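Coordinate inspection notes
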Amino acid sequence: MGNIILFALLGLFFYWIFKSYSKYNAYSKEAFKNFSLSKESLQKSELGLFVALVAKVAKADGRVDALEAQLVGIMFDDISALFPEPQKTKELLKEIFSEEKERSDNLEAVAHTLAQLTKRNQAQQHHFMGFLIQLAFVDGTVSKSEEKMLSVIAEAFALGPKLYHAMFDQFEKMMHNVTPKANINDAYNLLGVKESDDMDTIKKAYRKLIREYHPDIVKSQGRDEAYMQEATAKTQEINQAYEMIKAHRRES
């Protein structure tokens, strides 16, 4: 009963945050058809600035782990598909990410610049913030350096301490409910594969599921209010199952 009440409250809380986003399509190919693509122009755009923040949060604890890299790679695919030159765009996004993940000195400046560009759309800012919190939680724990960066970004977005901590706490509670698979059979079942499948097949299934539960930063997927939290928990479960299978095969 306690869990039912918790999820009901969570749903109500996120209703007003994400309601305006449910019919909101922030970006489209039409919007970028005349975009003069260069590294500098991309860096100054909303999406380029957001990639810079993603890079900093992903590297905040010292390294970008495999699951974070998967999520970032999917995000690159989503963003680059909007531009007339997707492959060139993707390469430039990778360059921006690689450079920005090594810098923490400009975190506040990047966050404030993005906040200024998106100040007329709070739903968009909340969606960006939700993605960054999800990225920090996706490996199961949030380091002090990650939490510090998230606080700086939330302040730049003028979310207010209560709103930011409420968002953060809901992710934390959700992650506490994630339990590792009890046995190797559960892990195979979660990924929808068989023990007899080769590792390439299992990896493809894993990547397909990660993409399925990856929150689309480019446009709304029409999900319900608690989707970001559920996606985080499910992504972690999928990753735990995949890691269990890899460890089991190494030991066999």
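Coordinates for the structure precede this section.
Worth saying up front: this structure is predicted, and the values here are computed from it rather than measured.

What counts, and where the lines are drawn
The numbers attached to residues start from 1 for each chain and follow its sequence in the written order. Whole-chain, interface and lining totals are the exception, using all residues; otherwise, since this is a predicted model, local features are given only for residues with pLDDT of at least 70 and side-chain atom pairs are given and counted only at 80 or more. Derived side-chain values reflect all non-hydrogen atoms in the structure, with water molecules and hydrogen atoms excluded from consideration. Helix and strand labels come from DSSP, where a helix needs a run of H or I of at least four residues and a strand needs a run of E of at least two; each type is numbered from the N terminus. Exposed residues in this analysis have more than 50% of their type's maximum accessible area, buried residues have under 20%, and partly exposed residues fall in between, with area computed by a 1.4 Å probe over protein chains only. Contacts: residue pairs with any heavy atoms within 4.5 Å of one another. Accessibility throughout is a Shrake-Rupley quantity obtained with a 1.4 Å probe, and a residue counts as covered only by protein chains that appear here. All axes here are fitted lines through C-alpha atoms, helices being fitted over the stretch that makes contact, and every angle between N-to-C directions spans 0 to 180 degrees. For this classification, under 35 degrees means roughly parallel, over 145 means roughly antiparallel, 65 to 115 means roughly perpendicular, and everything else is oblique. By definition, any crossing whose near helix is turned counterclockwise from its far helix by less than a right angle is left-handed, and any crossing with a clockwise turn is right-handed. Only Asp, Glu, Lys and Arg are considered charged in this grouping, and only Ala, Val, Leu, Ile, Met, Phe, Trp, Tyr, Cys and Pro are considered nonpolar; every other residue, Gly among them, is considered polar. Within 6.5 Å between ring centres, the rings of Phe, Tyr and Trp (the latter by its six-membered ring) count as paired, and their orientation is classed by plane angle as stacked under 30 degrees, edge-to-face over 60, tilted in between. Two N or O atoms form a polar contact when they lie within 3.5 Å of each other; inside protein one atom must be a possible hydrogen donor and the other a possible acceptor, and for residues adjacent in sequence the pair counts only when both atoms belong to side chains.

What to know about the overall build of the protein
Each helix and strand in the protein was counted, giving 13 helices and 0 strands. Starting at the N terminus and ending at the C terminus, the protein contains elements arranged as α-α-α-α-α-α-α-α-α-α-α-α-α. Burial statistics for the protein: of 252 residues in total, 48% are counted as buried. Taking the intrachain contacts of the protein between residues at least 6 apart in sequence as the baseline, contacts between residues at least 24 apart amount to 80%. Approximately 12600 Å² of the protein is accessible, and the part contributed by carbon and sulfur atoms is 51%.

Things to note about the packing of helix 8 (residues 122-137) against helix 10 (residues 161-176)
At a closest axis distance of 10 Å, the pairing of helix 8 and helix 10 adopts a crossing angle of 40°. The orientation of helix 8 with respect to helix 10, classified from their angle, is oblique. Like other packed secondary-structure pairs, helix 8 and helix 10 cross with a definite hand, here right-handed. Across from His126, Met129, Gly130, Ile133, Gln134 and Phe137 in helix 8, the residues of helix 10 making contact are Leu163, Tyr164, Met167, Phe168, Phe171, Glu172 and Met175. Per-class residue counts for the contact of helix 8 with helix 10 are 9 nonpolar, 3 polar and 1 charged.

A few points about the environment of Asp61
In this structure, Asp61 sits in the loop between helix 4 (46-59) and helix 5 (66-80). In this structure the C-alpha to C-alpha distance between Asp61 and Ala136, which are 75 residues apart in sequence, comes to 9.3 Å. Residue contacts for Asp61: discarding those within four places in its chain leaves Asp139, Ser143, Ser145 and Glu146.

Re the packing of aromatic side chains
Evaluation of the coordinates by the stated rule reveals 9 aromatic pairs. Relative to Phe97, the ring of Phe76 lies with its centre 5.8 Å away and its plane at 85°, an arrangement referred to as edge-to-face. Separated by 21 residues along the polypeptide, Phe76 in helix 5 and Phe97 in helix 6 (residues 86-100) bring together distant segments of the chain. No difference in accessibility class separates Phe76 from Phe97, as the two residues are buried.

Topic: the side chain of Lys56
Take Lys56: it is sitting in helix 4. By relative accessible area, Lys56 is classed as buried at 1%. Among the polar contacts made by the side chain of Lys56, one reaches the side chain of Glu100 at a distance of 2.7 Å. With sequence-adjacent residues up to four places away left out, Lys56 is seen in contact with Glu100, Lys101, Arg103, Asn106, Leu107, Val110 and Met149.

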